[in-house]
Each structure stands twice: as structure tokens, then as C-alpha cells.
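The primary structure of each chain is shown beneath.
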Amino acid sequence: MQAAFLLVTAMLPAGAQTWDTIVAMDPDYSAAGYSVMVDPFSSDPSWPDLFIGGSGSYGQVLHIDQSTEPATTTPALTAAGQTQRLAKDSVGNLYSAGYERRGDRSYWQVRKSSNGGASWVVVDDAGAWNKDGSSSVQGLTTDLAGNVYASGTASDRQGKQFWVIRRGANQGQSWATCYKSSKPLATGMGMAFVAPMDAHAGGVFAVGSLTETKTTQWSVLRSKDAGVSWQWVDAWGTSKMKGGAHARAITADGAGNVYVAGYDVMGIPAWYVRLSRDGGSTWQTILADYTDGDYNRADDIASDPWGNVYVAGMTQQAGNGAEWTIRRWDAPTQSWDQWPDALRHPLSSQANVSVARGIVCDALARVYVTGTADSQWLVQRLELP
């Protein structure tokens, strides 16, 4: 299946950066793009293939071949359900995670492909361990020891929602719950494995929100022992965040610096990014405000090979629809971009409602973003000038 057509992107002055829409699937009311990953099996790493995860009538994982013009899009996983995260391990296995709807419930599901995405098998399904409540995976990562980690939420039969992390040992062959929040009103979101560095020991990180008292706190968990134990290394929220602060996504750059992106829900919701340079021991807020809209939500974060960090999400002006929004943290200046609107909001003139949800960078520092615009599943690409 080929992408139906390309959207015309906003043009910048000659020599400047510009976003290109490389995939625009046929309009589908159920379409939603959530995750994008560089295909580790690409024959030409200078123009890598991609996997994108989401949902639509054409499948929940799609494969993108960038060597054609326009890019060729083919279904890789067509089973019912929604993929919200994608991951790969060091020996060539691919993983998708999200949920499958059965009746009025969603069931957490993790799939594995050992043949480059040609076929997938379910390796973890909440029907076996949480059949009485809804559940969903929102975060996925792997470590160097062959473990797969999935983070998300699971509700009990009373509807109380808990943050759950499960570990699949032996490349996802044997699964068990390795963390469950002690109290409900908790949400598990993104995950990342950070390799040991000279500056710190690294570990497996999971982000989300925990409600220990009356206020929901931005929360970062870390495990240094492959998921056996978890420490709450960042419990954050200001006095103005009475409605709660929510950490949603996490990444690390090549130097081992850890970045977490999220938002609050008090007053005018703002994007936030917090940075740890010592493996989670201490944190600083590097993005603490967002003035573009009346509703703002950061959904994903990624770093490129040069240490620049990109955040994808949405903003919304009063009376208008959601708007696809990208921000960049520049490594050389240690400051946020001074981008024009055409880079920060590349779909502003072409879609009434658009949301960027997944972002990744390739080895040549190209940036890929997937999301939804007016019922279309899109992928955009940004190249350095």
C-alpha cells in the first residue's frame, strides 16, 4: 500500500530547514499515529526504512521505504489493536506494544517479531494476568541483558487504575510484573534504557504519574538491577500544579544525559522538560513554560547523534483545534530553539486538528515525527540544512 498523497509543507527561505510530509495515509476516522522507529535492517542506513505504530484500517504497524519517491508504505502488522510504542533489542528482535479491544475493555498487549517485521507473535497479554479490568501499554524498552520492559496502566475490577511495569526475560519469552504502584490514580508512560557511563551507572527508567497524596506528581522511576527493584528518583510538581503534573516521555543523549518531557493541567497547561546529568540523582527544569496555546501537551522526546533534543506534542489556542507542535533543545547553546512558526507548527495552515505523538532521529540527525492530522496518519521528516 502506498501513501495516498503528500501534503504541501510550509516553505522557508532558501537554505533553511523545512519539514517534508513523507507519508499521508488515506483519511480514516480511526487513524492515529503514536510511535516511529528507525528500521535496524535497512539496507541503506543513509536513507533508513522506518516502522510506525498506531491504528487504522490499514494496520497497527506500517513499514516505510524512503528510497522511493514518494515513500512506499506497506502494512507490517494488520492484527486488530493499537500500537503505542515500538522497540528493538541488540540481537535483532522487534517489539510492538499497546492494546487490543475486546468487548468494552482494552487489554495490554506486547508483540514480538524475530524476522524483521514480517510476522509478529503475542508474547504478553493482560488477559492472562488482569482479565477483570482494562489495561494498556504506553512505554517500551530493552536492556543489554536481553530483557524487555513494558510500562502502562491496569485497572482492577472496581476501576482503580494502577501503574504497572512488566519484564520479559530472554528476549520477551518469560513475563512477570516487576512493579505495581501501591496506590491507584497512577499512570505509566514512557520508558528508556540508559547504558552505564563514566558519570553514572545508568539503568532502566520509567516515567508517569503517581498520586501519593491529593496531588498527582510527575514521577520518574529507576531500576539499576534489571527491574528487581525500583526507586522513585524524581517526584516533582510546583505549588501551582494542584491539578497534577504528568511525565510522558523520556530519552537520553550520547553523553548519558536523561531528558523527561510532560505537562501539567493547572490553569493554562504548559509543556515541561526536566534534565538529569547524573543518572537520575538530581534534576533541573529546562523548559518550564509554554505560551503558544491554551492547552498544551508534550507526547514524545528524542535525541539526535549530536545531543540535540526534540519534543513533539500539541498546543491549542482558544476556540481552535489542536495543533501539531515541535520544539528543539540545541546542544551547543543549551537553549531552546528560536524557530519560526513554519518549523514549530508545520501543519498550521493545512489541518484543522493535528497532533504529533511520536518522534525519533536517525544516524544522520534527520528527525521523523508521526501523528494525526484531520483523520490522516502522517509522518514528517526534517533534515538539517
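Residues numbered from 1 in each chain as written. Predicted model: local features only at pLDDT ≥ 70, side-chain atom pairs only at ≥ 80, totals over all residues. Heavy atoms only, no water.

Caption draft 1: Representation of the environment of Asp104. In this fold, Asp104 is placed in the loop between strand 7 (94-102) and strand 8 (105-113). Overall, Asp104 belongs to the exposed group, its relative accessible area being 65%. Separated by 29 residues in the primary sequence, Asp104 and Gly133 place their C-alpha atoms 9.8 Å from one another. (Helix = DSSP H or I, 4+ residues; strand = E, 2+ residues; numbered from the N terminus. Buried < 20%, exposed > 50% of the residue type's maximum accessible area, 1.4 Å probe, protein only.)

Caption draft 2: Local environment of the sheet that holds strand 17 (residues 231-236). The strand order across the open sheet built from four strands is 14-15-16-17, with neighbouring strands paired in antiparallel fashion. Edge positions in the sheet fall to strand 14 (187-194) and strand 17, since each of these pairs with one other strand and no more. Each strand of the sheet is rotated relative to its neighbour by a mean of 20°, with strand direction disregarded. One ladder, built from six bridges, connects strand 14 with strand 15 (residues 203-210); its direction is antiparallel. The residue bridging Ala192 from the neighbouring strand is Phe205, located in strand 15. (Pairing = 2+ DSSP bridges. Axes fitted to C-alpha atoms, helices over the stretch in contact; angles between N-to-C directions.)

Caption draft 3: Geometry of the sheet that holds strand 27 (residues 367-373). Reading across the sheet, the four strands line up as 1-28-27-26 and stay open at both edges, with antiparallel pairing between neighbours. Looking at the sheet topology across the chains shown, the edges are occupied by strand 1 (19-24) and strand 26 (354-361). Ignoring which end each strand starts from, the neighbouring axes of this sheet average 25° apart. For strand 1 and strand 28 (residues 376-382), the ladder comprises five bridges, and the chain directions are antiparallel. Along strand 28, the bridge assignment pairs Thr21 with Gln380.

Caption draft 4: Local environment of the pairing of strand 5 (residues 72-77). As paired strands, strand 4 (residues 61-65) and strand 5 are joined by five bridges and run antiparallel to one another. Following the sheet pairing, Ile64 is matched in strand 5 by Thr73. In this structure, the hairpin formed by strand 4 and strand 5 is closed by a connection of six residues.

Caption draft 5: Inspection of unusual backbone geometry at higher detail. Here the residue pair Glu69 and Pro70 is connected by a cis peptide bond, since its omega of 0° sits within 30 degrees of zero. For Pro70, the position within the fold is in the loop between strand 4 and strand 5. The phi dihedral of Ala365 is positive, around 70°, even though this residue is not glycine. Structurally, the position occupied by Ala365 is in the loop between strand 26 and strand 27. Take Ala365: its relative accessible area is 1%, and that puts it in the buried class. One non-glycine residue with positive phi stands out, namely Asp374, at about 45°. Looking at where Asp374 falls in the secondary structure, it is placed in the loop between strand 27 and strand 28.

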